[in-house]
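Now for the letters of each chain:
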Amino acid sequence: MNETEEVDEKPIRVALYLRVSTEEQAEKFGLDAQKSAVEALVKSKGKLKDGREAVVLAGKAYEYIDDGVSGTTELNERPAFIRLKEDVLNAPPGQRPFDMVAVYRIDRFARKLRILLDVLKFFEQYRIEFTSATESIDTSTPFGRAMLGIMGVIAE
């Protein structure tokens, strides 16, 4: 490729994973509040050279909501996470349904470090990044991956 050719930039497609486990948590960290925070994060990422948004929501089909599910529940027992995983596994070879999964906070995703690390390993296998709307953690950077481990210990 010579210097005058431009690479066709594509927006990063983001899936949402939202979770509340109790009525009390729903009041503090309700699903609407979580979704609004993730949407604000997506909008804050700027634009591509051609003016399109750099980061976009992947669509309603890629909103995964586990309502009434504890953060200590194993991933294979969470209906929305099971669907997320199936969407990734059932995508055509070499394709992904989304490029990144965004959560409100790490503890909304997992309260056990082992669960967090297991899912990150799965995401890495399929080149899917992971980010938190409120904790400035982005697994596309080495610092973000290191901070995620620390935040996982704190959440536990």
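Keep in mind the model is a prediction, meaning the values are calculated, not measured.

Some points on the packing of aromatic side chains
Next, step 1: Per the counting criterion, the structure on display carries six aromatic pairs.
Next, step 2: Residues Tyr62 and Phe98 carry aromatic rings whose centres are separated by 5.6 Å and whose planes lie at 65° to one another, so their mutual orientation is edge-to-face. Pair noted here: Tyr62 is in the loop between β2 (55–57) and β3 (63–67) and Phe98 is in the loop between α3 (79–89) and β4 (100–103), with a separation of 36 residues, a long-range link.
Next, step 3: Since its relative accessible area comes to 0%, Phe98 is described here as buried.
Next, step 4: Ring geometry for Phe122 against Phe123: centres 6.1 Å apart, planes inclined by 50°, an arrangement best described as tilted.
Next, step 5: For Phe122, a relative accessible area of 9% puts it in the buried group.
Next, step 6: Within the aromatic cluster, the residues linked to one another by ring pairs are Phe122, Phe123, Tyr126 and Phe130.
Next, step 7: The ring centre of Phe122 lies 5.3 Å from the NZ or CZ of Lys85, which sits over that ring.

Points about the environment of Thr131
Next, step 1: As for its position among the elements, Thr131 is in strand β5 (residues 129–132).
Next, step 2: We classify Thr131 as buried; its relative accessible area is 6%.

Regarding the nonpolar core
Next, step 1: Val101, Phe109, Leu116, Phe123 and Phe130 are the most contacted members of the largest nonpolar core, which has 25 residues in total.
Next, step 2: For this core, the leading source of residues is helix α5 (residues 113–125), giving seven residues.
Next, step 3: In this structure, Leu16, Leu18, Ala54 and Ala102 belong to the second largest nonpolar core, which totals 10 residues.

Let's talk about helix α2 (residues 31–43)
Next, step 1: The first and last C-alpha atoms of α2 sit 18 Å apart over 13 residues, in line with the 18 Å expected at 1.5 Å per residue.
Next, step 2: When we look at burial in α2, the residues that qualify are Gln34, Ala37, Val38, Leu41 and Val42. Looking straight down α2, one finds its buried side chains confined to an arc of 140°; they lie on one side. Set apart from the buried face of α2 by more than 90 degrees, the exposed residues are Asp32 and Lys43.
Next, step 3: Of the surrounding secondary structure, the elements contacted by the buried residues of α2 are β1 (12–20), β2, β4, α4 (106–109) and β5.

What to know about the pattern of salt bridges
Next, step 1: Going through the model one piece at a time under the given rule, you end up with seven salt bridges.
Next, step 2: Put simply, Lys35 and Glu63 hold a salt bridge, and the shortest N to O gap is 3.2 Å. Here Lys35 is found in helix α2, whereas its partner Glu63 is found in strand β3, with 28 residues between them in sequence.
Next, step 3: For Glu63, a relative accessible area of 11% gives the class buried.
Next, step 4: A salt bridge links Arg52 to Asp50, with the shortest nitrogen-to-oxygen separation between them at 2.8 Å.
Next, step 5: Judged by relative accessible area, which is 35%, Arg52 ranks as partly exposed.
Next, step 6: Sharing partners across several salt bridges, the network here consists of Arg13, Arg96 and Asp99.

Conventions used here
Residues numbered from 1 in each chain as written. Predicted model: local features only at pLDDT ≥ 70, side-chain atom pairs only at ≥ 80, totals over all residues. Heavy atoms only, no water. Phe/Tyr/Trp six-rings, centres within 6.5 Å; stacked < 30°, edge-to-face > 60°. Helix = DSSP H or I, 4+ residues; strand = E, 2+ residues; numbered from the N terminus. Buried < 20%, exposed > 50% of the residue type's maximum accessible area, 1.4 Å probe, protein only. Lys NZ or Arg CZ within 6 Å of the ring centre and 35° of its normal. Core = buried A, V, L, I, M, F, W, Y, C linked by side-chain atoms within 4.5 Å. Expected span 1.5 Å × (residues − 1). Arc of directions from axis to C-beta. Contact = heavy atoms within 4.5 Å. Salt bridge = Lys/Arg side-chain N within 4 Å of Asp/Glu carboxyl O.

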